[in-house]
Amino acid sequence: MAPEFGRAWVFAALALAALVGILFALFPQWDLAIAQVFWDPARGRFPYATTALPNRLRDLADWLVWLILIAAGGALVLKLVFPRRKMPMRPTVALFLLVSYALGPGLITNGILKPVWGRARPVSIEQFGGQKHFTPWWKPGGECDRNCSFVSGDASSLTWLLAPASVTPPAIRPVALAGAAVIAVGLSGMRVVFGRHFLTDVVFGGVVSLLVIVLCQRLILRLDDARIEAALERAGLRLRSLAPPQSDGKPEDPV
């Protein structure tokens, strides 16, 4: 299968990152100004943060992500447990989904960028009733200790939905990609409205995932499915051979 996202997607992602990065580095107060739009000083909070519908939609999107990952991981596990059976999902697709999520929303977003940058969330900074200081997107070493703002884990995870959408059947792929894009943009944007992320957090979170998806497509989806499934079958048979023999329930003969 040829990668769904070509050079145009890579160029667009890099161009967006460069444009936003340069503008918000020159004018870091824009992040504050955008967050200020959704802040209610009279009540001292971001009022839309408790709105039921977008929060429910976010929960549903999270469940969708995990169901897809469980399906991909389950396909690999079933092949190891029942090595003679045909996999219910192409092995390259299963690996593509698992690796792209592990690298994008997993390692790069939550494992590296969040703890290294330590950027405080809008709701935690002085301008919006918190106690921490605002830091521009480009400056690591902020005052946040854990689960920090840059980059947005929600945006990274939601953008990752483009990965499963890109391997749907060709007849429905355009609709799947459009739906995934709407979910990613809409729900990621709500994190800005809720005061949980700055706009730059969301943009760079999405860009990270998109670039990882493209890379994984080029490295994984071009592999040979038959060879991978055969290797998994051999591994499953090897694991089965290492398992202790099952007892027939008869007592052993005394020596």
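See above for the structure.
First, a word on scope: everything that follows refers to the structure included in this document. (Residues numbered from 1 in each chain as written. Predicted model: local features only at pLDDT ≥ 70, side-chain atom pairs only at ≥ 80, totals over all residues. Heavy atoms only, no water.)

Digging into the environment of Ser 188
Here comes step 1: Here Ser 188 shows up in helix α7 (residues 173-193).
Here comes step 2: Sequence-wise, Ser 188 and Ser 152 are 36 residues apart; in three dimensions their C-alpha atoms are separated by 8.2 Å.
Here comes step 3: Sequence-distant contacts of Ser 188, defined by excluding residues within four places in its chain, comprise Asp 154, Ala 155, Leu 158, Ile 183 and Val 202. (Helix = DSSP H or I, 4+ residues; strand = E, 2+ residues; numbered from the N terminus. Contact = heavy atoms within 4.5 Å.)

Brief notes about unusual backbone geometry
Here comes step 1: For the bond from Phe 150 to Val 151, the omega torsion is -5 degrees, close enough to zero to count as cis.
Here comes step 2: Within the fold, Val 151 resides in the loop between α4 (91-117) and α5 (153-159).
Here comes step 3: Unlike most non-glycine residues, Asn 147 shows phi in positive territory, near 50 degrees.
Here comes step 4: Checked against the element boundaries, Asn 147 lands in the loop between α4 and α5.

Considering α7
Here comes step 1: Given a rise of 1.5 Å per residue, 21 residues ought to cover 30 Å, and the 30 Å separating the end C-alpha atoms of α7 matches this to within 8%.
Here comes step 2: Within α7, the full set of buried residues consists of Arg 173, Leu 177, Ala 180, Ala 184, Leu 187, Ser 188, Arg 191, Val 192 and Val 193.
Here comes step 3: Of the surrounding elements, those touching the buried residues of α7 are α2 (29-37), α3 (52-81), α5, α6 (162-166) and α8 (199-220).
Here comes step 4: Trailing α7 by a residue or two, Gly 195 shows a phi angle of about 75 degrees, which is positive. (Expected span 1.5 Å × (residues − 1). Buried < 20%, exposed > 50% of the residue type's maximum accessible area, 1.4 Å probe, protein only.)

A word on the side chain of His 197
Here comes step 1: Along the chain, His 197 falls in the loop between α7 and α8.
Here comes step 2: Assessed through its relative accessible area of 1%, His 197 is described here as buried.
Here comes step 3: Once residues within four sequence positions are removed from consideration, His 197 is found in contact with Lys 114, Arg 121, Pro 122, Cys 148, Ser 149, Val 151, Ser 152, Gly 153, Asp 154, Arg 191, Val 192 and Val 202.

Observations concerning empty space enclosed by the protein
Unfilled space is identified by rolling a water-sized probe across the atoms.
Here comes step 1: Counted by the stated rule, this structure contains one cavity of 30 Å³ or more.
Here comes step 2: What the largest cavity holds in volume is close to 40 Å³.
Here comes step 3: In terms of lining, the largest cavity is formed by Pro 54, Arg 58, Asp 154, Leu 158, Leu 187, Met 190, Arg 191 and Phe 194.
Here comes step 4: Those elements that place two or more of their residues in the lining of the largest cavity are α3, α5 and α7.
Here comes step 5: Looking at the lining of the largest cavity residue by residue, the class counts come to five nonpolar, no polar and three charged. (1 Å grid on protein atoms, 1.4 Å probe; cavity = no way out; pocket = protein on both sides within 12 Å on 5 of 7 lines; lining within 4 Å. Points joined across faces, edges and corners; volume = space filled by probe spheres on them. Nonpolar A, V, L, I, M, F, W, Y, C, P; charged D, E, K, R; others polar.)

Topic: the state of the cysteines
Here comes step 1: Applying the stated criterion across every chain, the model contains one disulfide.
Here comes step 2: Here Cys 144 engages in a disulfide with Cys 148; their sulfurs sit 2.2 Å apart. Note on the Cys 144 and Cys 148 pair: the S-S dihedral is about -95 degrees, so by sign convention the disulfide is left-handed. As far as the burial class goes, Cys 144 and Cys 148 line up, both buried. (Disulfide = S-S within 2.5 Å.)

Quick notes on the packing of α4 against α8
Here comes step 1: Viewed as axis vectors pointing N to C, α4 and α8 meet at an angle of 145 degrees, and their least axial separation amounts to 9 Å. Like other packed secondary-structure pairs, α4 and α8 cross with a definite hand, here right-handed. Side by side, α4 and α8 meet where Thr 92, Leu 95, Phe 96, Val 99, Ser 100, Leu 103, Gly 104, Pro 105, Ile 108, Thr 109 and Leu 113 of the first sit next to Val 208, Ser 209, Val 212, Ile 213, Cys 216, Gln 217 and Ile 220 of the second.
Here comes step 2: Counted by class, the contact of α4 with α8 contains 12 nonpolar, six polar and no charged residues. (Axes fitted to C-alpha atoms, helices over the stretch in contact; angles between N-to-C directions. Left-handed = near helix turned anticlockwise from the far one by under 90°.)

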